[in-house]
Amino acid sequence: MGIAEKRLAMFDALLSGRGLQGLVDAAAEVFGNPVAVADMGIAMVAMSAELANDPDWVAQTREVEPNDMRQAALAGDFRRVYSGDKTVVGEYPGADQRYLAARIRRKDNLIGLAFVLERNRPFTEDDIALLPDVCRTFGYELAGAADADQLAQRHGKLFDD
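In every chain, residue numbers begin from 1 and rise along the written sequence. Predicted model: local features are reported for residues with pLDDT of at least 70 only, side-chain atom pairs are reported and counted for 80 or more only, and whole-chain, interface and lining totals are derived from all residues. By convention in this description, side-chain values take in all heavy atoms of the structure and omit both hydrogens and water.

Q: How would you explain the nonpolar core if you had to name every residue and give the values?
A: In summary, soluble globular proteins display a tendency toward joint burial of nonpolar side chains. By nonpolar core we mean a set of buried residues, namely Ala, Val, Leu, Ile, Met, Phe, Trp, Tyr and Cys, connected to one another through side-chain atoms within 4.5 Å. Burial here depends on accessible area, computed with a 1.4 Å probe over protein chains only, as a share of the maximum for the residue type. Under 20% is buried, over 50% is exposed, and the range in between is partly exposed. If you look at the biggest cluster of nonpolar residues, it comprises 27 residues, and the most contacted ones within it are Met-10, Phe-31, Val-35, Ile-104, Leu-131, Val-134 and Phe-138. Every element with two or more residues in this core is listed here: helix H1 (3–16), helix H2 (19–31), strand E1 (35–39), strand E4 (99–106), strand E5 (109–117) and helix H7 (125–146). Put simply, DSSP H or I for four residues or longer makes a helix, DSSP E for two residues or longer makes a strand, and each gets a number counted from the N terminus. Per-element tally for this core: the top contributor is H2, with eight residues. Grouped together as the second largest cluster of nonpolar side chains are 14 residues, Phe-78, Val-81, Tyr-99 and Leu-117 included.

This is how it looks when you write it as structure tokens:
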């Protein structure tokens, strides 16, 4: 599957209305690796089935951030993720696997970040180029939750009568 087909698969998943979990699962299929979405505080919002069914990962994310995420934070990777729309490749000595991370935003509002763990197959250049596009689909899905008050204010007058 080429990058154009992968973009189309994510767009189809967005239009299907399956919600954030459906988008995360579609992204995991597209990348061939597990995917997770976190908010600005690095709290997990959604994760693909492989991570959700991994008892070690779930236990770590509930009690304390995983070691790889702690190393990424200490190295300043999250600052790099939030500073632009480019994919950050995280690779650390002693880490279980590399990861790709990119920010999720809607217009100028930062919502969180998405990351892909290199578990099942090595990353390609297409994966690195594709992640910001995948994050845009997450941003569209998450915008409703992030902009609920603004939406109500804009359309509130329609319901006053």
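Q: Mind laying out the pattern of salt bridges, listing which residues take part and the relevant values?
A: Any two side chains of opposite charge can pair if their charged atoms end up close together. Here, a salt bridge means any side-chain nitrogen of Lys or Arg that lies within 4 Å of a carboxyl oxygen of Asp or Glu. Counting across every chain of the model gives eight salt bridges. With its nearest N and O atoms 2.9 Å apart, the salt bridge here joins Glu-118 to Arg-98. Linking Glu-118 in the loop between E5 and H7 with Arg-98 in the loop between strand E3 (88–90) and E4, this pair joins segments that are 20 residues apart in sequence. Here the salt bridges share partners, and the residues they tie into one network are Lys-6, Arg-121 and Asp-127.

Q: Could you give me a rundown of H2, with the residues and numbers involved?
A: Here H2 contains 13 residues, and its C-alpha end-to-end distance of 19 Å stays within 8% of the 18 Å for a straight helix at 1.5 Å per residue. Of all the positions in H2, only Gly-19, Leu-20, Gly-22, Leu-23, Val-24, Ala-26, Ala-27, Ala-28, Val-30 and Phe-31 are classed as buried. Remark: Gly-32 follows H2 within two positions and exhibits a positive phi of approximately 75 degrees. Multiplying 1.5 Å by the helix residue count minus one yields the expected span of that helix.

Nothing here speaks to function; it is geometry throughout.
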